[in-house]
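Examining the three-dimensional arrangement
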Amino acid sequence: MASAEYRLCDVAVNCSFKTRDARVEREQALAVIDLLESNTFVPIGHDGGPYRLKIETADGRLALHVADDNGAHVVSHYLSLTPFRRLLKDYTRICDSFYDVIRRPGPEQLEAIDMGRRGIHNEAAELLRERLSTKVNIDKNTARRLFTLIYALLARNAPYQVLLT
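These lines cover the structure that appears in this document, whether it is placed above or below. (Residues numbered from 1 in each chain as written. Predicted model: local features only at pLDDT ≥ 70, side-chain atom pairs only at ≥ 80, totals over all residues. Heavy atoms only, no water.)

Examining the overall build of the protein chain
From N to C terminus, the protein chain includes four helices and six strands. Put simply, the protein chain runs from its N terminus to its C terminus through helices and strands in the order β-α-β-β-β-β-α-α-β-α. Scored against the burial criterion, the 165 residues of the protein chain give a buried share of 41%. A separation threshold of at least 6 residues defines the contact pool for the protein chain, and within that pool the share at least 24 residues apart is 64%. Counting only carbon and sulfur atoms, one obtains 49% of the accessible surface of the protein chain, whose full area is about 8700 Å². (Helix = DSSP H or I, 4+ residues; strand = E, 2+ residues; numbered from the N terminus. Buried < 20%, exposed > 50% of the residue type's maximum accessible area, 1.4 Å probe, protein only. Contact = heavy atoms within 4.5 Å. Areas by Shrake-Rupley, 256 points an atom, 1.4 Å probe, with all protein chains shown as cover.)

A few points about the environment of leucine 154
Tracing the backbone shows leucine 154 in helix 4 (residues 140-156). Separated by 98 residues in the primary sequence, leucine 154 and glutamate 56 place their C-alpha atoms 8.9 Å from one another.

Considering the packing of aromatic side chains
Under the criterion given, the structure shown has three aromatic pairs. Their ring planes at 80° and their centres at 5.3 Å tell us that tyrosine 91 and phenylalanine 147 sit as a pair that is edge-to-face. With tyrosine 91 in helix 2 (residues 85-102) and phenylalanine 147 in helix 4, this residue pair connects regions lying 56 residues apart in the sequence. Using a relative accessible area of 4% as the deciding quantity, one classes tyrosine 91 as buried. Taken together, the ring pairs connect Tyr91, Phe147 and Tyr151 into an aromatic cluster. (Phe/Tyr/Trp six-rings, centres within 6.5 Å; stacked < 30°, edge-to-face > 60°.)

Everything listed here is a matter of coordinates, which is why it stays silent on function.
Here's what the structure looks like:
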């Protein structure tokens, strides 16, 4: 390989149980666009990419499948969703509040809710970075966007109701 590009060139989210929520679909599409525009993705012990990432759930765990730009499998990582449950529940509730307040006049509540949403999002992204640190190095913005995709996957995936239980 001529140059080691430690970045994602493609991201797919396996949503086999789609719940047609336009908000979730929009958030997922924006996260993919932002992620592909700018990211840092360095699988530990691999010579370089760019990489393709497929995110899905498998046996109640989060599965991250990494391939090179030609589609050859590099590695798969499986993460327990348990450490993310509280953050996912909190994030779901605050996003619901955010969308409810958008419909009402007055920016005061919206600003407070958005600050809380960002705080939870940052906390979840940092947890994701920590959980992946022995497998993949990612920067803060990449972690934030990946968390958005994980949230979108779980929000759509009916058998894994970790968001509301």
